[in-house]
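Understanding the architecture of this molecule
Here is how the chains run, residue by residue.
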Amino acid sequence: MTSPTTEPTTQLEKKDRCNNLPHRPRVLLGKMGLDGHDRGVKLIARALRDSGIHVIYSGLWQTPRSLAISARDEDVDMIACSMMSNSHLVLVPRLMGELQNVGRPELIVDVGGIIPQEDIEPLLKSGVRGVYHTGTSMLDIVEAVTSATQEHKSLNNDNTSVSATLSRNISLVEEGKEVNAPKKRPTSVIGFTGSPGAGKSTLTAAMAAEAVRNGKKLAIIAYDPMSPISNGALLGDRLRVDFNTVDENVFYRSLARVGEDYTTLPDILDLVGGAGFDYVFIETVGAGQNDVAIREVVDKTIVVLVPGMGDSVQMDKAGILEIADVFVVNKADYDGDSALVRELIDIASGREIFETIATQGKGVVKLLSHLMPD
Ligand code: B12
Ligand SMILES: Nc1nc2c(ncn2[C@@H]2O[C@H](COP(=O)(O)OP(=O)(O)OP(=O)(O)O)[C@@H](O)[C@H]2O)c(=O)[nH]1
Ligand SMILES: [Mg+2]
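The structure presented is a predicted model; accordingly, all values stated were derived computationally and were not measured. (Residues numbered from 1 in each chain as written. Chains lettered and ligands numbered in written order. Predicted model: local features only at pLDDT ≥ 70, side-chain atom pairs only at ≥ 80, totals over all residues.)

**As for the pairing of strand 11 (residues 300–305)**
- In terms of burial, strand 11 is largely enclosed, as five of its six residues are buried.
- Sheet analysis places strand 6 (residues 188–193) next to strand 11, joined by four bridges and oriented parallel. Pairing of Gly 191 across the sheet is with Thr 301, part of strand 11.
- Looking at chain direction, strand 11 and strand 12 (residues 326–329) are connected through four bridges and run parallel. (Buried ≥ 20, exposed ≤ 12 C-beta atoms within 10 Å, placed from the backbone. Helix = DSSP H or I, 4+ residues; strand = E, 2+ residues; numbered from the N terminus. Pairing = 2+ DSSP bridges.)

Put into structure tokens, the structure is as follows:
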């Protein structure tokens, strides 16, 4: 009897299993519908990351449309759908339709989870590439992703959309290739930096949702760390945005980095602006005190801090405070909020300080009207 569902991921040695491929594979792990079974998908995410794959997890309760938008904007090589709620025969064909609607009809979709034998044929007929059963080994799942990874070609054709072309062009720039597309520096590029877990993604997501409510659209480029051992990454910033609500009004792209390397960012920004996005938020890797290089690329740097992380001496020695144009004290619901604001006033030299509770949307409207005034 095989029982890979309980196999610990440590059994899969951490190593780059992708270094002979045309580019670093990107996969979107998708959970559609009212399906709360996330243990399997989390195990898969870790195994793929430990094999050198860039994994985007957009969270539970996705709709076919929100998943299609995520797959397109992240320019993934394939979507791995995990279906455990017996809704696969309804939701998977809808996903195939939405991929067509968003301009990526050819994107590879594999399905796994609890799928009865007799449902495999109809899923394959709807355009799914492969259907995997619960006993599939992790190495087979890695192989499913690597086999989907083909060389990137330009997506300039009639069947595609502006965002699909933009996403592909970003991939090409990341690979150091020349791109022939409209280029324009966006009107406003705002960088959000601060220590890991400070709430940068939650804050940018809340501001993006508010901007969309005000009839605007914007782009977010979010960096997360890449493993120096396997070159894999788990790109989880996108999880904080509710694409079921903001739909295509927020273009979101996650990228992985070891350390601070923003050399391709100016070109990416030109493409984003050329595709019609005037406002762009950048979320840095969040490496902590040294994450200062972003300042050179953005128009304004927002340093996100949280109460209880250190005293004023630490603040003074931390170079990150020097680069701030604006301070945000997030998690203002935590003890120590007013003490942190007081200490910041001492060193801010007139720079604005905002307090937010990103998870509750508090302070977000005020911050947004400061950063996107019109
Ligand atoms: C643990 C469990 C739960 C936990 C979930 C905890 C969590 N956070 O995940 C809890 C108790 C919350 C739960 C609740 C429910 N559950 Co439940 N649950 C299970 C159980 C026992 C194990 C699932 C599991 O975690 N397995 C371990 C993980 C590691 O394996 P996995 O998820 O199967 O994933 C592996 C493979 O399937 C594969 N894989 C998965 N996805 C993909 C995708 C691709 C592309 C590929 C290649 C591979 C692949 O790789 C993974 C890693 O090896 C299964 C029965 C079973 N033996 O499968 C029932 C089961 C899934 N549950 C079931 C049901 C009905 C429910 C409830 C509706 C029960 C109820 N009436 O309340 C609720 C629904 C909750 C919700 N909101 O969705 C049914 C689903 C029936 C169906 N789909 O037809 C099952 C099959 C039980 C049964 N036999 O009836 N459940
Ligand atoms: N209590 C409280 N929790 C918050 C607040 N903002 C964010 N969080 C939580 O803090 C955790 C980290 O939030 P993220 O938005 O992922 O933080 P981040 O700075 O983007 O993290 P990295 O990208 O990993 O550096 C999540 O569990 C959020 O729900 C807040 O204002 N108050
Ligand atoms: Mg983040």
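**A look at the site of ligand 1**
- In the region of ligand 1, 26 residues are neighbours, and Gly 36, Gly 40, Ala 80, Ser 82 and Gly 112 sit closest.
- Looking at the shell around ligand 1, the elements that each hand over two or more residues are helix 1 (39–49), strand 3 (78–83), strand 4 (108–113) and helix 5 (138–147). (Near = placed C-beta within 6 Å.)

**A word on helix 6 (residues 162–174)**
- The end-to-end C-alpha distance of helix 6, which contains 13 residues, comes to 18 Å, matching closely the 18 Å that a straight helix rising 1.5 Å per residue would cover.
- Among the residues of helix 6, those classed as buried are Ser 163, Ala 164, Leu 166, Ser 167, Arg 168, Asn 169, Ile 170, Ser 171 and Leu 172.
- Those residues of helix 6 hidden inside the fold are in contact with helix 2 (64–73), strand 9 (250–257) and helix 9 (265–274).
- Phi turns positive one or two residues past the end of helix 6, at Gly 176, with a value near 80 degrees. (Expected span 1.5 Å × (residues − 1). Contact = placed C-beta atoms within 7 Å.)

**So, the sheet that holds strand 6**
- The sheet built from seven strands is open, its strands ordered 9-7-10-6-11-12-13 with parallel pairing. Among the strands making up the open sheet, the edge pair consists of strand 9 and strand 13 (352–355). Along the sheet, successive strands turn relative to each other by an average axial angle of 20 degrees, direction set aside. (Axes fitted to C-alpha atoms, helices over the stretch in contact; angles between N-to-C directions.)

**Here's the deal with the environment of Tyr 223**
- Tracing the backbone shows Tyr 223 in strand 7 (residues 218–225).
- Residues Tyr 223 and Gly 127 lie 96 residues apart in sequence; the distance between their C-alpha atoms is 32 Å.
- Beyond its immediate stretch of four places on either side in the chain, Tyr 223 contacts Leu 255, Arg 257, Glu 283, Thr 284 and Val 285.

**Structural notes on the domain arrangement of the protein**
- By the assigned domains, the protein splits into domain 1 (4–147) and domain 2 (188–371).
- If you look at the interface, domain 1 gives 23 residues, while domain 2 gives 20 residues.
- At the level of secondary structure, the elements contributing two or more residues to the side of domain 1 that touches domain 2 comprise helix 1, strand 2 (54–57) and helix 2.
- Here the residues of the side of domain 1 that touches domain 2 sort into seven nonpolar, eight polar and eight charged. (Domains from an automatic or database assignment. Nonpolar A, V, L, I, M, F, W, Y, C, P; charged D, E, K, R; others polar.)

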